[in-house]
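Residue strings, one per chain:
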Amino acid sequence: MHDRLLLRLELEDLNTAYAAALDEGELDGWPALFTAACTYRIVPRDNFERGLPLALMHCESRGMLEDRVASLRRASVYAPRALRHLISGVRVLRSDGGVVHATANYAVLQTLSDHETTLFNTGRYLDELVREDGALLFRQRLVIFDSVLVPGSLVYPL
């Protein structure tokens, strides 16, 4: 029980670092939360439940995550916005063979400079994590958003 509680707290810390990297404009630190060989996908719940492969964002390595960050930094063709990730319900599903399987719920609030804050997106994360040099890192983060509608201004990772 003690080890499981420590693991859950470590997951909370990792999710907090994840949210801070995205919300505080520290995007260059976001890929470092993943293993070099990783998968990051954003999929609608409807497609996930049907086993359909469509993903709104699909990255297959830390290099692809870094490329995504570079694109966000260089190709600012979207309105500036502030994001706030609220991550809750962090749970360890199981841990086997050095791989931790976990889940968490998320809500992302968005504020455009000349608008009120709105609820941008909600869903859950399904994660596979491994240790590298003692640190717990995402090997896979599957972001499953609740709506069947595609967010029209999805430029940042969720």
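Above this note sits the structure.
Residues numbered from 1 in each chain as written. Predicted model: local features only at pLDDT ≥ 70, side-chain atom pairs only at ≥ 80, totals over all residues. Heavy atoms only, no water.

Overview of the pattern of salt bridges
We count it as follows: Here, a salt bridge means any side-chain nitrogen of Lys or Arg that lies within 4 Å of a carboxyl oxygen of Asp or Glu. Numbered from the N terminus, helices here are DSSP runs of H or I no shorter than four residues, and strands are runs of E no shorter than two. Burial classification: accessible surface area is computed with a 1.4 Å probe over protein chains only, and a residue below 20% of its type maximum counts as buried, one above 50% as exposed, and the rest as partly exposed.
Within this structure, the stated rule accounts for nine salt bridges. For Asp-127, the salt bridge identified is with Arg-141, shortest N-O distance 2.8 Å. Of the two residues, Asp-127 is situated in strand S5 (residues 118-132) and Arg-141 in strand S6 (residues 135-145); the sequence distance between them amounts to 14 residues. Of the residues examined, Asp-127 reaches a relative accessible area of 5% and is grouped as buried. Connected through shared salt-bridge partners, Asp-23, Glu-24 and Arg-84 make up one network.

Focus: the packing of aromatic side chains
Inclusion rule: Pairing of aromatic side chains here covers Phe, Tyr and the six-membered ring of Trp, requires ring centres within 6.5 Å, and sorts the geometry by plane angle: under 30 degrees stacked, over 60 edge-to-face, intermediate tilted.
According to the stated counting rule, one finds seven aromatic pairs in the structure shown. Measuring from ring centre to ring centre gives 5.2 Å for Phe-34 and Phe-138, while their planes differ by 40 degrees; the resulting arrangement is tilted. A residue pair is termed long-range when its members are at least 10 positions apart, and Phe-34 in strand S1 (residues 34-44) and Phe-138 in strand S6 qualify at 104 residues. Residue classification places Phe-34 among the buried residues on the basis of a relative accessible area of 0%. Centre to centre, the rings of Tyr-106 and Tyr-125 are 4.8 Å apart; their planes meet at 25 degrees, and the pair counts as stacked. Separated by 19 residues along the polypeptide, Tyr-106 in strand S4 (residues 99-112) and Tyr-125 in strand S5 bring together distant segments of the chain. The buried category is assigned to Tyr-106, whose relative accessible area is 3%.

That's the geometry; what it means functionally is another story.
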